[in-house]
There are 2 protein chains.
Amino acid sequence: MTILDRWGEGVTATIYDVARHAGVSVATVSRVLNGLKVREDLVERVRETVLRLNYTPSRTAQRMRKSTSHLWALIVPDFENAFFTRVARGVEEICQPRDTCVFIGSSDDDPEKERRYLEVALAERVGGVVITPSSDTTDLTRIVSAGIPVVVVDRAVPNGAYDTILTDNMAGGRLGAEHLLGQNLRTVACVVGPENPTSQARLEGFLSAAKASPAIDIVRIERGNNRLDGGYRAMQRIIQSEARFDAVFVTNNLMAVGIIKALGDMLPERRNDIPVVGFDLDEIPLLSGACIASINQDPHEIGRIAGERILLQQAGTPPVCSIALRPTLVATAGLGYP
Amino acid sequence: MTILDRWGEGVTATIYDVARHAGVSVATVSRVLNGLKVREDLVERVRETVLRLNYTPSRTAQRMRKSTSHLWALIVPDFENAFFTRVARGVEEICQPRDTCVFIGSSDDDPEKERRYLEVALAERVGGVVITPSSDTTDLTRIVSAGIPVVVVDRAVPNGAYDTILTDNMAGGRLGAEHLLGQNLRTVACVVGPENPTSQARLEGFLSAAKASPAIDIVRIERGNNRLDGGYRAMQRIIQSEARFDAVFVTNNLMAVGIIKALGDMLPERRNDIPVVGFDLDEIPLLSGACIASINQDPHEIGRIAGERILLQQAGTPPVCSIALRPTLVATAGLGYP
DNA sequence: CTGAAAGCGCTAACAC
DNA sequence: GTGTTAGCGCTTTCAG
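For clarity, every value in this text was computed on a predicted model and none was experimentally measured.

Bringing the overall build of chain A into the picture now. From N to C terminus, chain A includes 12 helices and 12 strands. The C-alpha radius of gyration computed for chain A amounts to 26 Å, which surpasses the reference 20 Å derived for 338 residues by more than 25%, pointing to a less compact arrangement than a globule. Principal axes of the C-alpha set define a box for chain A whose edges measure 85 × 45 × 35 Å. Among the 338 residues that make up chain A, the fraction classed as buried is 56%. Long-range contacts, defined as pairs at least 24 residues apart, comprise 66% of the intrachain contacts of chain A with a sequence gap of at least 6. When the 37 basic and 41 acidic side-chain charges of chain A are each reduced to a single mean position, those positions are 5 Å apart.

For the rest of this paragraph, the subject is the domain arrangement of chain A. Split into domains, chain A comes out as domain 1 (3-57), domain 2 (67-167 + 299-326) and domain 3 (169-297). Domain 1 of chain A and domain 2 of chain A are separated by 36 Å when their C-alpha centres are compared.

Next up on the list: the packing of helix H1 (residues 15-22) of chain B against helix H3 (residues 40-53) of chain B. Residue and element names in this part refer to chain B. Where H1 meets H3, the closest approach of the two axes is 9 Å, and the angle between their N-to-C directions is 125°. Here H1 lies oblique to H3, going by the angle between them. Pair H1 / H3 crosses with right-handed handedness. When H1 is examined against H3, the residues Asp-17, Val-18, His-21 and Ala-22 are found in contact with a partner set consisting of Arg-45, Val-46, Thr-49, Val-50, Arg-52 and Leu-53. Here the residues of the contact of H1 with H3 are counted per class, giving five nonpolar, two polar and three charged.

Take the confidence of the model for chain A next. For chain A, per-residue confidence averages 91 on the pLDDT scale, and 95% of positions sit at 70 or higher. Ranking the elements of chain A by mean pLDDT puts strand S12 (residues 328-332) of chain A last with 87 and strand S3 (residues 128-131) of chain A first with 98.

Our focus in this paragraph is the relation of the copies chain A and chain B. Placing chain A over chain B gives an RMSD of 0.1 Å and needs a rotation angle of 180°, together with 0.1 Å of translation along the axis. Those values place the two copies in the arrangement expected of a two-fold rotation axis. Using C-alpha coordinates, one finds that chain A approaches the rotation axis most closely at Phe-103 of chain A, a distance of 1.8 Å. Take the interface residues of chain A: 100% of them recur as interface residues in chain B, which is what a same-surface contact looks like.

On to the environment of Ser-199 of chain A. All names here are of chain A. Within the element layout of this structure, Ser-199 appears in helix H9 (residues 197-210). With 187 residues separating them in the primary sequence, Ser-199 and Thr-12 have C-alpha atoms 50 Å apart. Each residue touching Ser-199, except ones within four places of it in the same chain, is listed here: Val-192, Gly-193, Pro-194 and Thr-251.

The calculated volume of the second largest pocket comes to roughly 1,200 Å³. As for the second largest pocket, its lining consists of 44 residues, of which Pro-285 of chain A together with Ala-82, Glu-283, Ile-284 and Pro-285 of chain B are closest to the centre. Among the secondary structure elements, those contributing two or more residues to the lining of the second largest pocket are helix H5 (82-95), helix H10 (228-240) and helix H11 (253-266) of chain A together with helix H5 (82-95), helix H10 (228-240), strand S10 (292-296) and strand S12 (328-332) of chain B. Residues belonging to the lining of the second largest pocket are distributed by class as follows: 18 nonpolar, seven polar and 19 charged.

The rules behind the values
- Residues numbered from 1 in each chain as written.
- Chains lettered and ligands numbered in written order.
- Predicted model: local features only at pLDDT ≥ 70, side-chain atom pairs only at ≥ 80, totals over all residues.
- Heavy atoms only, no water.
- Helix = DSSP H or I, 4+ residues; strand = E, 2+ residues; numbered from the N terminus.
- Rg over C-alpha atoms; globule rule 2.2 N^0.38 Å.
- Buried < 20%, exposed > 50% of the residue type's maximum accessible area, 1.4 Å probe, protein only.
- Contact = heavy atoms within 4.5 Å.
- Lys, Arg positive; Asp, Glu negative; His and termini not counted.
- Charge placed at Lys NZ, Arg CZ, Asp CG, Glu CD.
- Domains from an automatic or database assignment.
- Axes fitted to C-alpha atoms, helices over the stretch in contact; angles between N-to-C directions.
- Parallel < 35°, antiparallel > 145°, perpendicular 65-115°, else oblique.
- Left-handed = near helix turned anticlockwise from the far one by under 90°.
- Nonpolar A, V, L, I, M, F, W, Y, C, P; charged D, E, K, R; others polar.
- pLDDT = per-residue confidence, 0-100.
- Least-squares fit on C-alpha atoms with pLDDT ≥ 70 in both.
- 1 Å grid on protein atoms, 1.4 Å probe; cavity = no way out; pocket = protein on both sides within 12 Å on 5 of 7 lines; lining within 4 Å.
- Points joined across faces, edges and corners; volume = space filled by probe spheres on them.

Pasting the structure below:
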């Protein structure tokens, strides 16, 4: 009984089936598949048999022998955030031509969920891990000591000797403050993300540049969860505090959306007079508002570089690079109002 | 030389290392790991050793023996479209508790790219494939004959005997037409996605319900690529044709964004008077417009059900179910204008 | 240049 | 209960 008789039962041909049907040894089949030197007529016979049996080599088995994996892990805080899907695109750009796939895990900023994804990445012996750590406590040492390349993106790990690709977040914060100063807006409410280096750096950059003279008056600083609802609620709290403010600075894109929504709901008469300055708002389609400025990172580029660093580490380059991309501020009137 | 001496060189402990250090056989280690009956003190010793050696079983090796895979593939036309990231969330909800991961491929509606992802899924011998086929020519037979569960989502495959989860798109189209009729809007331009069953059904549903009396006058039908730029350009063509229309019907979410952008750019004075009816606009944060109606699917539910069907197929259920979810129309004034 | 055979790390019979 | 061992499907020496 050959593989052909078992057709349709959910079986896949193995390299032995191919060898048998082609009348050669498995070694020869393997060589043909891997492009090594084999006599022309045998190559032909093997190729033909591969096609006839619909043979696809098992990567699982391949991975056991060679120890290179065609599977990478991308672990991000929120893959519903367009910023991270664009990072994923950047990584994909590197993977695709190498027949490599990326599995994506969304940690939702939950250290436990993140830990489980890291565990899976380790168990799968992936070829590389690209991660935005949920917090300072994220443990990447096991991955590293297993010899798996790791690249940290978007958020630095304090004291970590990892390849790191991120944006100069301090500079981003400063850019935001300078923009507001330029517009002569000096009474500002801030909405900041969870306590991680990125949120922190953006806020710090903002605060440092806000110390101009005359300085920006920071009327309130609220924390949020980097998602739409967090921004909405933070804005609610600010409005309810009855603090007076004439602009809002926010450290993340989705929270900006929530903020604008809250402004529309709670202060409809002022909604067009309160400029919002946030990060990566260009990833939000059609975001509209009276006066919005976006401090833009380049997520696609971040992903692409991360992918390249994975490749370099696979080739033996030690992980010591830290790349900070410069953000750019784009002021926009949004879609515009009549 | 034990595993401990090789520490830090990028090696991982194997089950043999654990067995040796714990003074038991590999079978015992395996049993402990898989929760089979083992003497208490041995369990203890193995557990302790596993921790000490930082041992993580290789799923690659596991997959070679058992043939169950903890890795699924999700292949969608565009994972930057929030609709599909929500589908992914639904699938994840099923996977997560089973320690299973999903790798996501974006076919970008390119049959060749899709074919490559399917090839990878097959080579990886994934535990299941959830796919939105890029076109009628998508070949899923190889996956199926390898015994891999397949669930088709969002777009049916004509004549395909696959589990299929989608929305009743005809009904969605009808809903759109009825909404416009109810508003007494009877001069409508349509923007339709690429030629696939889903776009087609939505248009057909719309056209059939548009034949009321008095009927809706379809002034123009344009095709687009289901992405923002496609909607923008389709709207440009419509406007340039100088056709008169007082509402727009569009079969996809991102194109609706493009349309609204084009309206704002090209007909700023009318932009608030032209209602747009589209699908899944609730996935677009803050989408605003004079009068928008969204025909909503439930992507999370689609993904969840798809995940469950994968599980059922893994358990032996033949793939014969076809589930059509009912869409709901939500009319909204968007963010509202002052 | 080709084939036979030894593993990669694990599980599951099969013996003890 | 526990240990020994034969594979899972592949790559890669090592002989021929």
